[in-house]
Amino acid sequence: MSIIVGYVPTPEGEAAFERAIVEARKDNALLVVINSSRGDAPVDKRYAQEDAIATIEDRLKDEGIEHHILQPVRGNEAANEVLRAADEYRADLIVIGLRRRTPVGKLIMGSTSQQILLEADCPILAVKAAAH
């Protein structure tokens, strides 16, 4: 069994990561963490830096969870990287984080989340960060 989590260094990304750990532990699954960048900007706030990746690595080792951490920079959108990993690892589940939205914002979901929800061939678990 394998679980893919789309990770970004935001409260939503952290919520997705935390829930993916719960799911991986419950099912003794391989956890594949995807944090990607298109590479078209000098600084991409959604691309986790080395210290954040080291923290993720340490956490997963401490939890005893079999895992891979991938940070592709191939010019692809994040949704495409998550979907590619889901195909490559034959994912049983994809976990993504969603932002809280205003009533008007709820009419339009983020394009990354929407693409994953529409195109994935496996179940998707969408989680929100805790309210502040």
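Located above this text is the structure these notes cover.
Here's what I pulled together on the structure shown here. (Residues numbered from 1 in each chain as written. Predicted model: local features only at pLDDT ≥ 70, side-chain atom pairs only at ≥ 80, totals over all residues. Heavy atoms only, no water.)

Assigned secondary structure in the chain consists of four helices and five strands. Start at the N end of the chain and walk to the C end: the helices and strands fall as β-α-β-α-β-α-β-α-β. A buried classification covers 39% of the 132 residues belonging to the chain. In the chain, once contacts between residues fewer than 6 apart in sequence are set aside, the share between residues at least 24 apart is 75%. Carbon and sulfur atoms provide 49% of the accessible area of the chain, an area that totals close to 7,800 Å². (Helix = DSSP H or I, 4+ residues; strand = E, 2+ residues; numbered from the N terminus. Buried < 20%, exposed > 50% of the residue type's maximum accessible area, 1.4 Å probe, protein only. Contact = heavy atoms within 4.5 Å. Areas by Shrake-Rupley, 256 points an atom, 1.4 Å probe, with all protein chains shown as cover.)

Quick look at the nonpolar core now. Ranked by size, the top nonpolar core spans 21 residues in total, and within it Ile3, Val5, Phe17, Leu31, Val33, Leu60 and Val95 carry the most contacts. Contributions of two or more residues to this core are made by strand E1 (2-6), helix H1 (11-27), strand E2 (30-34), helix H2 (50-63) and strand E4 (93-98). A per-element tally of this core places H1 first, with six residues. When near neighbours in sequence (up to four residues on either side) are disregarded, Ile3 contacts Ala20, Glu23, Ala24, Ala29, Leu30, Leu31, Val32, Leu93 and Val95. (Core = buried A, V, L, I, M, F, W, Y, C linked by side-chain atoms within 4.5 Å.)

Before going further, it helps to spend a moment on the environment of Ile69. Within the fold, Ile69 resides in strand E3 (residues 67-70). Between the C-alpha atoms of Ile69 and Tyr7, which are 62 residues apart in sequence, the distance is 9.8 Å. In contact with Ile69, not counting residues within four places along its chain, are Val33, Ile53, Ile56 and Glu57.

Okay, the sheet that holds E3 next. Pairing is parallel across the open sheet formed by five strands, whose spatial order is E3-E2-E1-E4-E5. Unpaired on one side and paired on the other, E3 and strand E5 (124-128) mark the two borders of the sheet. Shown here is a sheet whose adjacent strand axes are inclined to one another by a mean of 20 degrees, direction ignored. Where E4 and E5 come together, five bridges link them in parallel fashion. The partner of Val95 across the bridge, within E5, is Leu125. On the sheet, H2 packs against E2 and E3 and is oriented at approximately 170 degrees with respect to E3. (Pairing = 2+ DSSP bridges. Axes fitted to C-alpha atoms, helices over the stretch in contact; angles between N-to-C directions.)

Moving on, we come to helix H3 (residues 78-88). Taken residue by residue, H3 has Ala79, Glu81, Val82, Leu83, Ala85 and Ala86 as its buried positions. Contact partners of the buried residues in H3: E1, E2, E4 and helix H4 (111-119). Where H3 ends, the next residue or the one after it, Arg90, has phi of about 50 degrees, a positive value.

Along the chain, Asp92 turns up in the loop between H3 and E4. Sequence spacing of Asp92 and Ile4 is 88 residues, and the spatial spacing of their C-alpha atoms is 8.2 Å. Beyond its immediate sequence surroundings of up to four residues, Asp92 is in contact with Met1, Ser2, Cys122 and Pro123.

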